[in-house]
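Residue-level structure breakdown
One-letter residues, chain by chain:
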Amino acid sequence: MLPARLRQRLSRGTPPREELVAEHVVGRTFLDVGCMWRIHGGIALAAEAAGATAVTGVDVMEASPEYLAERERRGSSMRFVRGDVHDPALVDEVGPHDVVWCSGVLYHAPHPLLTLERLRALTGRTLILATETIPRRGTVCEFAPEPGVHPGIDRRLDPAEGYVGWYWGISPGAVRRMLEVSGFELQDEHRTAFHMTVVARPR
Ligand SMILES: C[S@@+](CC[C@H](N)C(=O)[O-])C[C@H]1O[C@@H](n2cnc3c(N)ncnc32)[C@H](O)[C@@H]1O
């Protein structure tokens, strides 16, 4: 039987992303780091529609035709910057935003603490970090976890391919601790067995 606190956390599941973002963005600037693959800037465009004042998306991928068409259709002012969030020049160019959303990036990063350091530099008020996790107790970071640990794992670890490989299997406890040592204070958390979404603010 799972402890009551964990049961309660797991039962909160994964909140609908657009709704979670909308709770935080009204009257605030918004940045989506890793905004393109399969979602074509959709979270940033939703943040703009929900009342964000200025919206930026960053990705190592180039802007997709789907994104460009949707941006045009909406008459959106969203800024897209192509680059690697680990690059200090990219961080300077993008600049801090009130609310930063970063989903599906941390476990693809060769150096996840560096990723969080860059997110810290970009976050003015709120970071919403969503990531795949491994179901381990404690602060576990497993390098290039074995296929089968998580339904999505593959082993391609080439940044030139756009960080498609899963470098790390990270336990929920390790995500929390890494956020803390990167200068964030945890405010809220949603979890399933293989995924977590954390709301945090700069300490
Ligand atoms: C697994 S997809 C997640 C897409 C979307 N955020 C979501 O949650 O559905 C990871 C995205 O982050 C981008 N990405 C990965 N590493 C990155 C980096 N270091 N800097 C910028 N973008 C990165 C990838 O190109 C891809 O678009």
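These lines cover the structure that appears in this document, whether it is placed above or below. (Residues numbered from 1 in each chain as written. Predicted model: local features only at pLDDT ≥ 70, side-chain atom pairs only at ≥ 80, totals over all residues.)

1. Focus on the overall build of the protein
For the protein, the count of helices and strands is 7 helices and 9 strands. Here the protein holds 203 residues, and the buried ones make up 37% of them. (Helix = DSSP H or I, 4+ residues; strand = E, 2+ residues; numbered from the N terminus. Buried ≥ 20, exposed ≤ 12 C-beta atoms within 10 Å, placed from the backbone.)

2. Things to note about the site of the ligand
Of all residues adjacent to the ligand, which total 20 residues, the nearest are Gly34, Trp37, Ser103, Gly104 and Tyr163. A per-class count over the shell around the ligand returns 11 nonpolar, 6 polar and 3 charged. (Near = placed C-beta within 6 Å. Nonpolar A, V, L, I, M, F, W, Y, C, P; charged D, E, K, R; others polar.)

3. Considering unusual backbone geometry
You will see that Arg38, though not glycine, has its phi angle at about 70°, which is positive. Residue Arg38 is classed as exposed on the basis of its 8 C-beta neighbours within 10 Å. The backbone of His40 shows a phi angle near 50°, a positive value even though the residue is not glycine. Within the element layout of this structure, His40 appears in the loop between strand 1 (29-33) and helix 3 (42-50).

4. Remarks on the environment of Ala47
Residue placement: Ala47 occurs in helix 3. With 29 C-beta atoms counted inside 10 Å, the residue Ala47 sits in the buried group. Here the alpha-carbon distance between Ala47 and Val99, two residues 52 residues apart in the chain, equals 9.9 Å. The contact partners of Ala47, leaving out residues within four places of it in the chain, are Val21, Val25, Phe30, Ala52 and Val55. (Contact = placed C-beta atoms within 7 Å.)

5. Regarding the pairing of strand 5 (residues 123-132)
Taken across its 10 residues, strand 5 has 8 buried, putting it largely inside the fold. As paired elements, strand 4 (residues 97-103) and strand 5 share 6 bridges and run parallel to each other. Bridged to Cys102 within strand 5 is Leu129. With 6 bridges connecting them, strand 5 and strand 9 (residues 195-202) associate as antiparallel partners. Within strand 9, the position partnered with Glu132 by the bridge is His195. (Pairing = 2+ DSSP bridges.)

6. With respect to the sheet that holds strand 3 (residues 79-82)
With mixed pairing, 7 strands are arranged side by side in an open sheet as 3-2-1-4-5-9-8. The two strands at the open ends of the sheet, each matched to only one other strand, are strand 3 and strand 8 (184-192). The average undirected angle you get between the axes of adjacent strands in this sheet is 15°. Bridge analysis of strand 1 against strand 4 gives 4 bridges, and the strand direction is parallel. When the sheet's bridge partners are listed, Asp32 is paired in strand 4 with Trp101. (Axes fitted to C-alpha atoms, helices over the stretch in contact; angles between N-to-C directions.)

7. A look at the pairing of strand 3
One ladder, built from 4 bridges, connects strand 2 (residues 54-59) with strand 3; its direction is parallel. Residue pairing across strands places Asp59 opposite Arg82, the latter belonging to strand 3. Read from strand 2 through helix 4 (residues 65-74) to strand 3, the crossover connection turns out right-handed. (Right-handed = clockwise from strand over helix to strand, strands pointing away.)

8. Here we look at the environment of Ala69
Inspection of the secondary structure assignment puts Ala69 in helix 4. The class for Ala69 is exposed, based on 11 C-beta atoms found within 10 Å. For Ala69 and His40, which are 29 residues apart along the polypeptide, the C-alpha to C-alpha distance reads 9.7 Å.

9. Some remarks on helix 7 (residues 172-181)
Where helix 7 is concerned, the buried positions are Pro172, Ala174, Val175 and Leu179. Along helix 7, the residues classed as buried sweep out an arc of 160° about the axis, all on the same side. At the exit of helix 7 stands Gly183, carrying a positive phi of roughly 100°. (Arc of directions from axis to C-beta.)

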